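Inside the fold
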Amino acid sequence: MAAARPYDLVLFGATGFTGRLTAEYLARTAPEGCRWALAGRDADRLAAVRTALAAIDPRCAGLPLLVADAGDREALRKVAASARVVVSTVGPYLRHGEPLVAACADSGTDYVDLTGEPEFVDRMYLRHHERAVATGARLVHACGFDSVPHDLGVLFTVEELLRRGAKPERISVEGFVRVAGTVSGGTLASAMTAFSRPRAMARAARERRAADPRPAGRRVRTPAGRPHRSRAARAWALPLPTIDPQVVGRSAAALDAYGPDFGYTHYAAVRRLPIAAGGVVAVTALALAAQLRPLRRALEGLRKPGEGPGERQRAGSWFTVRFVARTDLGRPLVTEVSGGDPGYQETAVMLAESALCLAYDDLPPTAGQLTTAVAMGRPLIDRLVSAGISFRVLDAPPSGAPGR
């Protein structure tokens, strides 16, 4: 049984940039008696991380170190079999992620990661969901800034509608994302990998849609949206083609609370039109450059995996995601999720708290590939609020404006 395994948590990829931040967070906050270990391919680098953690909490000097390469299936099987929950920070996940997912699915071990790669998530569903259902493993991808604030922010909004006594036939939510931050080498490599595979990503999405069960008698939509000036966001809204709306849509399909007709549209919120236009040009140029191997390698070389923003840069970073929910019952509802450095500091918090939630909280019985809203829901929201991430109700749009 998983409860009898030697470790509650194993952090795989502890020597990477986000892996180290996650390890530091666990060193400060893991509950008394938590049995956890560090895993990675380099014993010396793991030992160096452990030494740094011991400066935070002397008890970390005794943390076990598990040596396993991301491609060594037998070593990963042993890691998965030793833990109740495995946390993976080893990306790009399309290159390095599947063997550990497979090991956890086979071992009945819960798994969390911080991928934002849609093709990887779709492929893992197609290849390992059924096995995980059979063994009882919960495979929860996208447990960082992709896609926790968006997935749980929409759940928080829907729950607030229900708490107020509303039972709408139709719920339409717009999410407006604003961030200030920078990227690590691992994030840049993941983005370039995803941009370089548009056909493979589209093929995986089609296969996933064909295999996914559809909610009986209910409709779930995640339209792309269009650029516009939003009064609710007080900004220009640009369609944001990330994994987040897919995750929200899967939560809505799995949970009846989202109602018989639910839609979610995802935007970047940009205050000034020239910056919005520049952002569109930059993303387009990045996507085009990713198609050419020499340019892709040159861009990936700008920041190596394991490198990322320093503490001062992270301290000046922040995010907000504002949600505007409209129903067939009248007045809109506005909520907001906000926090500090989105890509790294808060991602480490979200990832660690997701793992702790799976390990320790009283959750509904589920298995297979799941979203954070389905696997953890309100208990994870409560954990994140305790960790300093804000979930709040703003009520109506500015000046009561119902539209854009």
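These numbers come from a predicted model, not from an experiment. (Residues numbered from 1 in each chain as written. Predicted model: local features only at pLDDT ≥ 70, side-chain atom pairs only at ≥ 80, totals over all residues. Heavy atoms only, no water.)

1. Overview of the layout of surface pockets
Taken as a whole, the second largest pocket spans an internal volume of roughly 890 Å³. Along the wall of the second largest pocket there are 30 residues; nearest its centre are Asp212, Pro213, Gly249, Arg250 and Ala253. Top contributing element to the lining of the second largest pocket by residue count: helix H10 (residues 244-254), with 7 residues. Split by residue class, the lining of the second largest pocket holds 14 nonpolar, 7 polar and 9 charged. (1 Å grid on protein atoms, 1.4 Å probe; cavity = no way out; pocket = protein on both sides within 12 Å on 5 of 7 lines; lining within 4 Å. Points joined across faces, edges and corners; volume = space filled by probe spheres on them. Helix = DSSP H or I, 4+ residues; strand = E, 2+ residues; numbered from the N terminus. Nonpolar A, V, L, I, M, F, W, Y, C, P; charged D, E, K, R; others polar.)

2. Let's talk about the nonpolar core
Soluble, globular proteins show a tendency: their nonpolar side chains are buried together. Counting residues in each nonpolar core, the largest one holds 62 residues, and the members touching the most others are Trp36, Leu38 and Phe262. Sort the elements by how many residues they give to this core and helix H14 (residues 345-360) lands first, with 9 residues. Not counting residues within four places of it along the chain, the set of residues in contact with Phe262 comprises Val154, Val158, Ile171, Val173, Arg219, Val220, Arg221, Val248 and Ala252. Membership of the second largest hydrophobic core comes to 31 residues, among which are Val79, Val101, Cys104 and Ala142. (Core = buried A, V, L, I, M, F, W, Y, C linked by side-chain atoms within 4.5 Å. Buried < 20%, exposed > 50% of the residue type's maximum accessible area, 1.4 Å probe, protein only. Contact = heavy atoms within 4.5 Å.)

3. Let's talk about unusual backbone geometry
Excluding glycine, residues mostly carry a negative phi; peptide bonds, for their part, are mostly trans. Look at the link from Gly91 to Pro92: it is a cis peptide, with omega at -5°. When you line up the elements, Pro92 lands in the loop between strand S4 (83-88) and helix H4 (93-96). Note the cis peptide between Asp146 and Ser147, where omega equals 5°. On the secondary structure map, Ser147 appears in the loop between strand S6 (138-140) and helix H7 (148-163). Despite not being glycine, Ala142 has its phi angle at roughly 55°, a positive value. Topologically, Ala142 is positioned in the loop between S6 and H7. Its identity as a non-glycine residue notwithstanding, Arg234 has a phi of 55°, on the positive side.

4. A look at the sheet that holds strand S5 (residues 110-113)
Sheet architecture is open: 7 strands sit in the order S3-S2-S1-S4-S5-S6-S14, paired in parallel fashion. Looking at strand neighbours, the two that pair on one side only are strand S3 (65-67) and strand S14 (368-370), the edges of this open sheet. In this sheet, neighbouring strand axes are inclined to one another by 20° on average, regardless of whether the strands run parallel or antiparallel. Sheet topology note: the strand S1 (residues 7-12)/S4 ladder contains 5 bridges and is parallel. Opposite Tyr7, over in S4, you have Ala83 as the bridge partner. Those strands touched by helix H3 (residues 73-81) are S1, S3 and S4, and its axis lies near 125° from that of S4. (Pairing = 2+ DSSP bridges. Axes fitted to C-alpha atoms, helices over the stretch in contact; angles between N-to-C directions.)

5. Re the pairing of strand S7 (residues 170-180)
Both S7 and strand S11 (residues 261-270) contribute to a ladder of 8 bridges, which runs parallel. Counted as the bridge partner of Arg170 is Asp261 from S11. Pairing geometry for S7 and strand S12 (residues 318-327), over 10 bridges, is antiparallel. Among the inter-strand pairings, Val173 is bridged to a residue of S12, identified as Ala325.

6. Description of the pattern of salt bridges
By the definition in use, this model includes 25 salt bridges. Close ionic contact of Glu74 with Arg77 constitutes a salt bridge, the shortest N to O distance being 2.8 Å. Taken together, the positions of Glu74 and Arg77, both in helix H3 and 3 residues apart, correspond to about one turn of that helix. Assessed through its relative accessible area of 41%, Glu74 is described here as partly exposed. Here Arg383 ties to Glu353 by a salt bridge, and the two come within 2.8 Å at their closest N and O atoms. Here the residue Arg383 occupies a position in helix H16 (residues 378-386), and Glu353 occupies one in helix H14, the gap between them amounting to 30 residues. A relative accessible area of 6% places Glu353 in the buried class. Linked by salt bridges that have partners in common, Asp122, Arg208, Asp212 and Arg250 make up one network. (Salt bridge = Lys/Arg side-chain N within 4 Å of Asp/Glu carboxyl O.)

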